[in-house]
Amino acid sequence: MRSSNPVFSRRGFSRDSGGYAGFDAQHQQAGTNPYATNPYATDTTTGMPQAPARADVMTMDDVVSRTAMTLGTVILTATIAWIAMPVDPANVNKSYGIAVGAALVAMVLGLVQSFKRKASPPIILAYAAFEGFFLGVLSAATSTYFGAGVVIQAVLGTMCVFASVLFAYKMRWIRVTRRFYGFVMAAAMGFMLLMVANLLFSVFAGGDGLGFRSGGLGILFGIIGVVLGACFLALDFKQVEDGITYGAPRDEAWLAAFGLTLTLVWIYLELLRLFQILSGDD
């Protein structure tokens, strides 16, 4: 099962990518265990491991600790940016320019990590630092023009979405199947194309572009964006669960942290925009 997350979409924990088991479409369609060739999986006939246990496999503690470090870096740099760079309404373009610059650096670092075969903690933490700086300036601007309540609502909303999806996933109310994955990917592609079209129209035609990020349509697309983010979380949880269950290397915990951070940033930004619209301005 490939995740929609750009990090996990290249990782399958399969034998042909380093000897770790992953979803194999042919095995899955045949109804067999897609991890049957995993040398670290349990032998279903004897109940015994097919190979000695290793000490370098990913665990939930690894994922939690790496995610805490990555998100902690985002929060720390966001707080520093908010305090050190208060948004001046008389010179708001300078603040936005710095924020956009930080976002571009974060995007480049994210792409570099996404195309690397192995996790690079320095790149991941650098991405988190620049992403946090961008979010800090953006949140400070939102607080200046829309009130601090909007930022608090977006933060609490992100936490609620994460907790709700995690609970639903653990209760098996959400089942990540190939059909679910295909639906999420198709919806995400359509959503991104519409957002790019809206951005291009706003740049070249001025105003709100096609109106997808303001007014009634903005509220609708904000809700869709949050729902997509929740679906991304479910895909990420599945990928983490499979990696832990079938013996992914410990370094993959950094990729899990990176992927979850990307998804949480997506949800926060969508909620921030949604609450801006609901506050009465766009």
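In this report, the structure presented in the accompanying data block is examined. As the structure is a computational prediction, the values presented were derived from the model and not from experiment.

### Considerations on the nonpolar core
Here's step 1: Residues Tyr-127, Val-161, Val-165, Phe-180, Leu-233 and Leu-271 are the most contacted members of the largest nonpolar core, which totals 50 residues.
Here's step 2: Secondary structure elements with two or more residues in this core: helix 2 (60-84), helix 3 (92-114), helix 4 (121-146), helix 5 (148-170), helix 6 (178-205), helix 7 (215-245) and helix 8 (252-278).
Here's step 3: In this structure Val-161 touches Val-226, Ala-230, Leu-233 and Ile-267, once residues within four positions along its chain are discounted.
Here's step 4: Ranked by size, the runner-up nonpolar core spans six residues in total, among them Met-58, Val-63, Ala-253 and Ala-256.

### Concerning the packing of helix 4 against helix 5
Here's step 1: Running from N to C, helix 4 and helix 5 point in directions that differ by 130°, and their axes come no closer than 6 Å. Here helix 4 is positioned oblique relative to helix 5, judged by the angle of their axes. Counting all contacts with helix 4, which are made through Ser-139, Thr-142, Ser-143 and Phe-146, the residues of helix 5 involved are Ala-148, Val-150 and Val-151.
Here's step 2: Residue composition of the contact of helix 4 with helix 5, grouped by class: four nonpolar, three polar and no charged.

### Quick word on helix 7
Here's step 1: End to end, helix 7 covers 45 Å across 31 residues, agreeing with the expected 45 Å (1.5 Å per residue, within 8%).
Here's step 2: Remark: Gly-247 follows helix 7 within two positions and exhibits a positive phi of approximately 80°.

Analysis parameters
- Throughout this document, residue positions are counted from 1 along each chain, in the order its sequence is written.
- The model is predicted, so local features are restricted to residues of pLDDT at least 70 and side-chain atom pairs to those at 80 or more, both for listing and for counting; the totals for chains, interfaces and linings are taken over all residues.
- With hydrogens and water set aside, each side-chain value is computed from the structure's full complement of heavy atoms.
- What is meant by a nonpolar core is a set of buried Ala, Val, Leu, Ile, Met, Phe, Trp, Tyr and Cys residues, joined one to another through side-chain atoms within 4.5 Å.
- Working definition: with a 1.4 Å probe on protein chains only, accessible area under 20% of the residue-type maximum means buried, over 50% means exposed, and in between means partly exposed.
- Helix and strand definitions follow DSSP, with helices as H or I runs of at least four residues and strands as E runs of at least two, each counted in order from the N terminus.
- The contact criterion used throughout is that any non-hydrogen atoms of two residues lie within 4.5 Å.
- Where helices are involved, their axes are fitted lines through C-alpha atoms of the stretch in contact, as for all axes, and angles between N-to-C directions lie from 0 to 180°.
- Note on terminology: angles under 35 degrees are roughly parallel, angles over 145 are roughly antiparallel, angles of 65 to 115 are roughly perpendicular, and the others are oblique.
- Under the convention adopted here, Pro, Cys and the residues Ala, Val, Leu, Ile, Met, Phe, Trp and Tyr are nonpolar, Asp, Glu, Lys and Arg are charged, and Gly plus all remaining residues are polar.
- Take the residue count of a helix, subtract one, and multiply by 1.5 Å to get its expected span.

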